[in-house]
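Remarks on the overall topology
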Amino acid sequence: METVSIIMPVYNAERYLCEAIESVLKQTYSKFELLLINDNSTDRSKKCMEYSKKDSRIVLLENNCQIHGPGPTRNIGLDHATGEFIYFMDADDWIEDRLLECAVYCMQETGADMVQFGVVCELSDGQTDSRSCWNGKDVLTEKDIKDDFPRFWTGTPKYLWLRLFRRDTVMNLRFENMLNGEDVCYMMDALCRAEKVAFTADVFYHYRYLEDSTCHRWVESTIECLAEQWSHACRWIRSLAEHAEQAFYALPAYDNYMWAIYQLSESFCPLSFREKRRALARLKEIMNFDTYRGLYPFEMEHGLLYVKYRLVRYHLEWLILLFRPLFVKMVKRGKNVTRRKQ
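Let us look at the structure shown here. Note that the coordinates shown come from a computational prediction; the quantities given were computed from them, not determined experimentally.

Along the backbone of the protein chain there are 13 helices and 10 strands. What you see for the protein chain is a C-alpha radius of gyration of 21 Å, in line with the 20 Å of a compact globule of 342 residues. Judged by the C-alpha coordinates and their principal axes, the protein chain covers about 60 × 50 × 45 Å. For the protein chain, the share of sequence-separated contacts (at least 6 apart) that also reach a separation of at least 24 residues comes to 77%. Summed over its atoms, the accessible surface of the protein chain is roughly 17,000 Å², and 49% of this surface lies on carbon and sulfur atoms.

Written out as structure tokens, the structure is:
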């Protein structure tokens with residue numbers, strides 16, 4: 001029976017940490033080690049981490065380095081991991097009892113380098129949101145991914161916690177020191193080394209949507225983080241096809257650029273409209289985005305998304321920056337009215 005190393009960075013997670021740990025301890029696959037790495041928490045997270053006194057499979061670690069954040073903290077976990085498989089989990093989420101059992105079985109049966117499963121988003125009001133599950137072939141080789149790149153890119157979210165990794169595939173990879181997007185960079189690097197990716201349609205991960213999480217608040221280095229993500233995505237595409245056509249890069253380019261637009265147009269962004277346009281122009285130049293404007297497969301999009309992507313196609317992204325906050329407010333107001341009627 002092979003060991004799974006579960007790496008969980010902990011930073012001020014006392015509200016949900018016990019539930020996260022308990023969901024690991026309930027796993028039907030019992031051979032695992034849970035590496036809890038405290039990253040200078042100032043709340044009662046360390047009290048929750050005392051589960052280690054009850055279960056020897058829990059290992060407590062401290063990030064006593066000068067560099068903090070999710071990436072460097074996960075790197076400490078990687079340095080101490082001893083399992084044949086690696087799994088990353090966030091301290092404010094929880095997992096189904098059979099996640100490890102099914103993922104390890106799938107890995108063993110297929111010989112894959114990573115196994116992906118489904119997720120359900122738990123909203124703050126108790127409702128659940130969309131599930132992300134692959135609906136294509138159960139196993140993809142590098143050639144399969146290259147031959148149908150658009151479907152793979154759009155159908156596979158880049159979240160770490162949706163995948164179990166084979167240690168031999170990722171053992172030499174390390175996370176970037178970034179406040180946001182370090183998980184995407186790691187995923188791109190892992191895909192560079194993966195010869196085979198397996199999928200199961202089962203939903204095993206419960207992602208808790210928190211308004212105050214890093215991806216839902218403004219980070220001053222947002223443009224730099226997205227530039228780094230783009231660099232890692234390009235590296236992966238080159239590993240798939242050394243002389244890939246520019247159309248291969250269009251999907252990741254648009255995703256990266258659109259995410260910048262969304263972040264800049266959120267209510268939490270403190271920049272003026274002029275500063276937002278200047279920041280976006282900086283990312284555009286770094287990515288050489290104009291090269292890919294006309295190459296996106298727009299027929300893949302529908303409704304409002306199609307409109308947004310078309311606006312970007314014709315250099316009208318400033319309209320999204322200007323009017324998206326108003327539109328989001330209208331949508332939220334409409335949802336609140338609907339809920340009150342119900």
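End to end, helix 8 (residues 182-193) covers 17 Å across 12 residues, agreeing with the expected 16 Å (1.5 Å per residue, within 8%). In terms of residue burial, helix 8 counts as a mostly covered element, since 10 of its 12 residues are buried. All buried positions along helix 8 are accounted for by Glu182, Asp183, Val184, Cys185, Tyr186, Met187, Met188, Asp189, Ala190 and Leu191.

Here we take up a nonpolar patch on the surface. Together, Phe273, Leu322 and Phe323 make up an exposed nonpolar region whose accessible area comes to about 260 Å². Since its relative accessible area comes to 39%, Leu322 is described here as partly exposed.

One pass over the full model with this rule turns up 25 aromatic pairs. Seen in terms of ring centroids, Phe88 and Phe165 are 6.0 Å apart; in terms of plane orientation they differ by 70°. Their pairing is edge-to-face. Of the two residues, Phe88 sits in strand 4 (residues 85-88) while Phe165 sits in strand 9 (residues 163-166), which places them 77 residues apart along the sequence. Take Phe88: its relative accessible area is 1%, and that puts it in the buried class. Aromatic pair Tyr257 and Phe289: ring centres 4.0 Å apart, planes at 15°, arrangement stacked. Of this pair, Tyr257 sits in helix 10 (residues 246-265) while Phe289 sits in the loop between helix 11 (273-287) and helix 12 (303-313), placing them 32 residues apart in sequence. Here Arg310 stacks its cationic end above the ring of Phe298, 4.4 Å away from the centre of that ring. When the ring centre of Tyr314 is taken as reference, the NZ or CZ atom of Arg313 above it lies at 4.8 Å.

Now for the nonpolar core. Of all hydrophobic cores here, the largest spans 67 residues; its most connected members are Phe88, Phe149, Phe165 and Trp236. Take this core: its biggest share by element is 12 residues, from helix 10. Leaving out residues up to four positions away in the same chain, Trp236 has contacts with Ile145, Phe149, Phe152, Trp153, Met188, Leu191 and Cys192. Among the nonpolar cores identified, the runner-up in size contains 41 residues, and Cys48, Val115, Val119 and Trp161 belong to it.

Moving on, we get to unusual backbone geometry. Phi is positive for Asn12, close to 45°, though the residue is something other than glycine. Topologically, Asn12 is positioned in the loop between strand 1 (4-10) and helix 1 (14-25). A residue is classified by how much of its surface remains accessible, and Asn12, at 31% relative accessible area, is partly exposed. Although it is not a glycine, His315 adopts a positive phi angle of roughly 60°. Its location among the elements puts His315 in the loop between helix 12 and helix 13 (317-341). With a relative accessible area of 46%, His315 lands in the partly exposed category.

Calculation notes
Residues numbered from 1 in each chain as written. Predicted model: local features only at pLDDT ≥ 70, side-chain atom pairs only at ≥ 80, totals over all residues. Heavy atoms only, no water. Helix = DSSP H or I, 4+ residues; strand = E, 2+ residues; numbered from the N terminus. Rg over C-alpha atoms; globule rule 2.2 N^0.38 Å. Contact = heavy atoms within 4.5 Å. Areas by Shrake-Rupley, 256 points an atom, 1.4 Å probe, with all protein chains shown as cover. Expected span 1.5 Å × (residues − 1). Buried < 20%, exposed > 50% of the residue type's maximum accessible area, 1.4 Å probe, protein only. Patch = residues over 30% accessible without salt bridge, like charges linked within 9 Å, V, L, I, M, F, W, Y side chains within 5 Å. Salt bridge = Lys/Arg side-chain N within 4 Å of Asp/Glu carboxyl O. Phe/Tyr/Trp six-rings, centres within 6.5 Å; stacked < 30°, edge-to-face > 60°. Lys NZ or Arg CZ within 6 Å of the ring centre and 35° of its normal. Core = buried A, V, L, I, M, F, W, Y, C linked by side-chain atoms within 4.5 Å.

Worth remembering: the numbers are spatial, not functional.
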